[in-house]
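# Analysis of the macromolecular model
Below are the chains, spelled out letter by letter.
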Amino acid sequence: MILLQRARLVKFARLVQFTRLALFGSAIALSTASGAAAAPIAMKLGTGTLNDSQHEWMKIFASIVDKDSGGRIKVEIYPASQLGTSPRMVEQTQLNSIQGVVGPPEFLTGVDARYQVLSAPGLFKDLAHVNRTLQDTTFNQAFLGLGGNKGLKGIGLFISGPTVFVLRKPIGKIADFAGLKLRVLAAPLQLEQVRSMQATPVPMPLGEVMPALQQGTIDGVMSCIPVLVALKYSDAAKYLVETNHGLIASLSVISKTWFDGLPPDLQDVVVKAGQKASQEVYQFSVDDVNNGREKWKKAGGEVIELSAAEHDQLMQQLVAVGESVTAKSAPEKAMFDVLHAASERTK
């Protein structure tokens, strides 16, 4: 009897030990599963500039996404071309090596030529008019929808600034642009603007511009004040000519592969954050443009304003560029017409 009781006690003790081990193992498994579920989804965003509206948009977007996703998405920000040149970042986004890039839509012209339409000169009265047009529902949805068949999804569109030039030498009139070599984005609409001024357009990545200015490979740059100030171009080309003939816009695109892999609630968070950041960054963009003139002067640069007569002459030369360039392609013409209609509707 005693031996039987002892056997039962040993069996019971082993059962208790087995149960404890099983419970401990389950606890570890649950803890591991919980930790894995809690790990945030990485979202790397890159841009070529620093301390401008593109950089600011990324900061605003990251804050909104972190809050609205409850920390389930972690946005990592890489300004100043840390992830490569703009064309390389576009390619990386298409491949989902990074999750997004913010920059002028003209850098995506090789993906879809319709991205260049915002370079068309003479469409806008002022920055407020630009903003109303960019956020116009019909145009905004059509433009952000470009690139969907090439691995890209647009989530934000906003202002960088009016188009201006910086030059190594001062000019007094539009005729002085003749013969100059000017850096532009690699989009026909930008190329043709410069050609219509009897100058030579030179497309090149942003990271190559400063050395080209310093060495005299180019005579100037067509861009916008915030970018020119942030990258300290006044060190190499001190004359800023305010032509204000067009727009440098900024577009935020993300990897469609990455986006499609998100659960529906997080897809909603990302889309809404992109729209909200585009609206919230507007005042920063306006202030950045307005403050940029004084920053340029403090850095040793000079600001040249064209006379009303010279500006009118420039616009007469440029106003037809958008229509003539896009007329060569039915899809481009259709997108240009959507943009033009939105600009008329929002005046």
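Scope of this entry: the structure provided in the associated data block. In this convention, every chain numbers its residues from 1, walking through the sequence in written order. Given that this is a predicted model, residues contribute local features only at a pLDDT of at least 70 and side-chain atom pairs are listed and counted only at 80 or more, while totals for whole chains, interfaces and linings are drawn from all residues. Excluded from the side-chain calculation are hydrogens and water; included are all heavy atoms of the structure.

What follows covers the pairing of strand β10 (residues 247-255). Burial classification: accessible surface area is computed with a 1.4 Å probe over protein chains only, and a residue below 20% of its type maximum counts as buried, one above 50% as exposed, and the rest as partly exposed. By the criteria applied, helices consist of DSSP H or I runs no shorter than four residues and strands consist of E runs no shorter than two, each listed in order from the N terminus. Within β10, 9 of the 9 residues are buried, leaving the element largely enclosed by the surrounding structure. Strands were regarded as paired on the criterion that DSSP finds at least two bridges between them. When strand β3 (residues 100-103) meets β10, the two strands line up antiparallel, connected through 4 bridges. Across the sheet, the residue bridging to Val101 is Val253, located in β10. Pairing of strand β4 (residues 152-162) with β10 involves 9 bridges; the strand directions are antiparallel. Following the sheet pairing, Gly154 is matched in β10 by Val253.

Our next topic: the sheet that holds β10. The strands making up a sheet associate through hydrogen bonds between their backbones, and the pairing can be parallel or antiparallel. Taken in spatial order, the 5 strands of this open sheet run β2-β1-β3-β10-β4, and their pairing is mixed. Since the sheet does not close on itself, it has two edges, and those belong to β2 (73-78) and β4, each with one partner. Geometrically, the sheet is characterised by an average inter-axis angle of 20° between neighbouring strands, direction not taken into account. Relative to β2, strand β1 (residues 41-47) is paired through 6 bridges, and the arrangement is parallel. Following the sheet pairing, Met43 is matched in β2 by Val75. In this analysis, axes come from line fits to C-alpha atoms, helices being fitted only over the stretch in contact, and the angle between any two N-to-C directions falls in the range 0 to 180 degrees.

This part takes up the environment of Ile218. Residue position: Ile218 is located in the loop between α7 (209-215) and β8 (220-223). For Ile218 and Pro201, which are 17 residues apart along the polypeptide, the C-alpha to C-alpha distance reads 9.3 Å. Contacts were defined at the residue level, with two residues in contact if any of their heavy atoms lie within 4.5 Å. When residues no more than four places from it in sequence are discounted, the contact partners of Ile218 are Arg168, Lys181, Arg183, Val202, Met204, Val209, Ala212 and Leu213.

On to the environment of Tyr233. Examined against the element boundaries, Tyr233 turns out to sit in the loop between α8 (225-230) and β9 (239-242). The exposure class assigned to Tyr233 is buried, which follows from its relative accessible area of 2%. Beyond its immediate chain neighbours, meaning those up to four positions away, Tyr233 contacts Val166, Leu206, Val209, Met210, Leu213, Val221, Leu228 and Trp296.

Moving on, we get to helix α12 (residues 308-318). Along α12, the positions that sit buried rather than exposed are Glu310, Leu314, Met315 and Leu318. Along the axis of α12, the buried positions cluster into a sector of 135°, meaning they face one direction only. Among the exposed residues of α12, those oriented more than 90 degrees off its buried face are Ala308, Ala309 and Gln316. Check the buried side of α12 and you find it contacts α6 (188-196) and α13 (321-326). The arc in question is traced by the directions running from the helix axis to the C-beta atoms.

Attention shifts here to the pattern of salt bridges. Salt-bridge detection follows one rule: a side-chain nitrogen of Lys or Arg within 4 Å of a carboxyl oxygen of Asp or Glu. This structure, assessed with the given rule, holds 16 salt bridges. Note that Glu323 is salt-bridged to Lys333, the shortest N-O span being 3.5 Å. Here Glu323 is found in helix α13, whereas its partner Lys333 is found in helix α14 (residues 330-345), with 10 residues between them in sequence. Judged by relative accessible area, which is 23%, Lys333 ranks as partly exposed. When salt bridges that share partners are traced, they join Glu323, Lys333 and Asp337 into one network.

Quick look at helix α4 (residues 127-134) now. For α4, the buried fraction is high: 6 of the 8 residues fall into the buried class. Buried within α4 are the following residues: Leu127, His129, Val130, Asn131, Thr133 and Leu134. On its buried face, α4 is in contact with α5 (137-144), β4, β10, α11 (282-298) and α14. For this analysis, a polar contact is any N or O atom pair within 3.5 Å, provided that within protein one partner can donate a hydrogen and the other can accept it, and provided that sequence-adjacent residues contribute only side-chain to side-chain pairs. For α4, the N-terminal cap is Asp126; the gap from its side-chain oxygen to the backbone nitrogen of Ala128 is 3.3 Å.

The mixed open sheet is built from 6 strands, whose spatial order is β7-β6-β8-β5-β9-β11. The strands lining the two open edges of the sheet, one partner per strand, are β7 (200-203) and β11 (302-305). The mean inter-strand angle of the sheet, taken between neighbouring strand axes irrespective of direction, is 30°. Summarising the sheet, strand β6 (residues 181-184) and β7 pair through 4 bridges and their orientation is parallel. Bridging across to β7, Leu182 finds its partner in Pro201. Against the sheet, α6 makes contact with β6, β7 and β8, and its axis sits at roughly 150° relative to β7, the strand it touches most. Across the face of the sheet, α11 comes into contact with β5 (164-167), β9 and β11 while running at roughly 130° to β11.

Note on strand geometry: in a regular strand, side chains alternate between the two faces of the sheet. Alternating positions in β5 separate into two faces, Val164 and Val166 on one and Phe165 and Leu167 on the other, with burial throughout. Two elements, β5 and β8, share 4 bridges in a ladder whose sense is antiparallel. From the neighbouring strand, Val164 faces β8, where its bridge partner is Ser223. As paired strands, β5 and β9 are joined by 3 bridges and run antiparallel to one another.

Glancing now at the packing of aromatic side chains. Ring geometry is summarised as follows: Phe, Tyr and Trp rings, the Trp one being its six-membered ring, pair when their centres sit within 6.5 Å, and such pairs are stacked at plane angles under 30 degrees, edge-to-face over 60 and tilted between the two. Tallied over the full model, the rule gives 5 aromatic pairs. With a centroid separation of 4.8 Å and an interplanar angle of 10°, the aromatic rings of Trp57 and Phe61 are classed as stacked. Of this pair, Trp57 and Phe61 both sit in helix α2 (residues 53-68), 4 residues apart, which is roughly one turn of that helix. Under the relative-accessibility criterion, Trp57 is labelled buried at 0%. Its relative accessible area of 0% is what places Phe61 among the buried residues. A centroid spacing of 5.9 Å and a plane angle of 5° characterise the contact between Trp57 and Phe158, whose relative ring orientation is stacked.

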